[in-house]
Amino acid sequence: MFGYVTIYKPEMKMKDFAVYNQYYCGLCHALKQKYGISGQMTLSYDMTFVVLLLTSLYECKTERASYHCMIHPVRKKETLINEISEYAADMNILLTYHHFVDDWKDEHQKKAMIGIRSFHKRYEKVKKQYPKKCTKIERCLKELSELEKKRVQDLDEVSGSFGKLMAEILVYREDIWSSELRKMGFYLGKFIYLMDAYDDLEKDIEEGNYNPLITIRHEKNFEEICQTMLTMMMADCMEHFEKLPCVEYAEILKNILYAGVWNKYKLIQEKKNLKIKEEKKDDK
């Protein structure tokens with residue numbers, strides 16, 4: 001479900017792109033240090049955004065270092081690492097573990113059971129460190145799973161469950177900023193869930209999978225409905241982001257929230273337009 005909260009490179013300055021990559025590599029290194037090579041495999045752009053957002057908000061002390069890695073074994077990669085990098089690494093493991101659990105419950109995939117066994121001890125380590133947060137996230141995932149099993153078509157209700165999950169991920173501390181972070185995370189989570197449903201719609205129809213957009217796909221203004229919903233979710237997300245005193249990395253964060261989150265949407269539109277052109281050619 002992840003991979004939507006990333007940068008829009010064409011509109012990013014080179015120095016900002018370098019900083020973004022350094023935090024991305026820093027998160028990768030934190031995952032390796034805490035959870036080994038398989039932990040590194042859970043690396044995501046979404047959590048890199050979380051690192052940048054919370055680092056900017058809390059002005060955390062950040063260390064610069066250089067490391068070799070599997071992908072770049074010859075030349076060392078510059079990294080920026082801080083306490084938020086470690087927090088994001090923990091949240092990556094938490095979400096990865098539950099992803100495997102969901103896949104096992106839904107499809108009994110062999111690789112899902114292998115993933116559960118591989119990440120169970122690591123998840124228990126995270127749960128011991130963040131018991132309340134893990135309990136809340138488990139509750140959100142259980143609620144979401146029950147709604148999906150019932151094939152609930154209320155878009156607001158089902159996306160709201162994932163919104164509440166993302167709200168907890170964004171809250172690093174219970175303090176003066178936690179309320180705005182929760183609201184921001186809630187709408188960002190709803191956006192991610194709806195974008196994922198929009199992205200997977202054709203595949204889900206073919207495979208008979210649940211997708212909350214299936215019942216409205218034949219609406220004459222279906223594309224307009226989806227675009228409006230997604231735009232509203234990001235508008236609400238941005239409203240709460242703008243209330244946070246994020247000065248450092250503000251340009252990178254705005255690049256992600258104003259443009260980067262729409263990367264996948266643009267690709268989907270391009271594919272649809274290409275398909276329409278090909279169908280018109282075949283009709284001639």
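Structure shown above.
Residues numbered from 1 in each chain as written. Predicted model: local features only at pLDDT ≥ 70, side-chain atom pairs only at ≥ 80, totals over all residues. Heavy atoms only, no water.

Trainee: Can you tell me about the overall build of the protein chain, naming the residues and giving the values?
Mentor: The secondary structure content of the protein chain amounts to 10 helices and two strands. Taken from the N to the C terminus, the helices and strands of the protein chain come in the order α-α-β-β-α-α-α-α-α-α-α-α. Against the globule reference of 19 Å for 284 residues, the protein chain gives a C-alpha radius of gyration of 20 Å, in line with a compact fold. Taken along the three principal axes of its C-alpha coordinates, the protein chain extends 60 × 45 × 40 Å. For the protein chain, the residues scored as buried account for 49% of the 284 residues in total. Contacts in the protein chain between residues far apart in sequence, at least 24 positions, make up 68% of those at least 6 positions apart. When the accessible surface of the protein chain is totalled, it reaches about 15500 Å², and 53% of it is carbon and sulfur. (Helix = DSSP H or I, 4+ residues; strand = E, 2+ residues; numbered from the N terminus. Rg over C-alpha atoms; globule rule 2.2 N^0.38 Å. Buried < 20%, exposed > 50% of the residue type's maximum accessible area, 1.4 Å probe, protein only. Contact = heavy atoms within 4.5 Å. Areas by Shrake-Rupley, 256 points an atom, 1.4 Å probe, with all protein chains shown as cover.)

Trainee: Any details on the packing of helix H1 (residues 14–40) against helix H4 (residues 110–129)? Residues and values, ideally.
Mentor: At a minimum axis separation of 11 Å, H1 and H4 run at an interaxial angle of 140°. As judged from the angle between their axes, H1 and H4 are oblique. When you trace H1 past H4, the crossing you get is left-handed. Here Lys34, Tyr35, Ser38 and Gly39 of H1 lie close against H4, whose contacting residues are Phe119, Arg122, Lys125, Val126 and Gln129. Looking at side-chain class alone, the contact of H1 with H4 contains three nonpolar, three polar and three charged residues. (Axes fitted to C-alpha atoms, helices over the stretch in contact; angles between N-to-C directions. Parallel < 35°, antiparallel > 145°, perpendicular 65-115°, else oblique. Left-handed = near helix turned anticlockwise from the far one by under 90°. Nonpolar A, V, L, I, M, F, W, Y, C, P; charged D, E, K, R; others polar.)

Trainee: How would you summarise the environment of Ser44 if you had to cite specific residues and measurements?
Mentor: Tracing the chain through its elements places Ser44 in the loop between H1 and helix H2 (45–58). You can call Ser44 buried: its relative accessible area is 14%.

As far as function goes, none of this settles anything; it's purely spatial.
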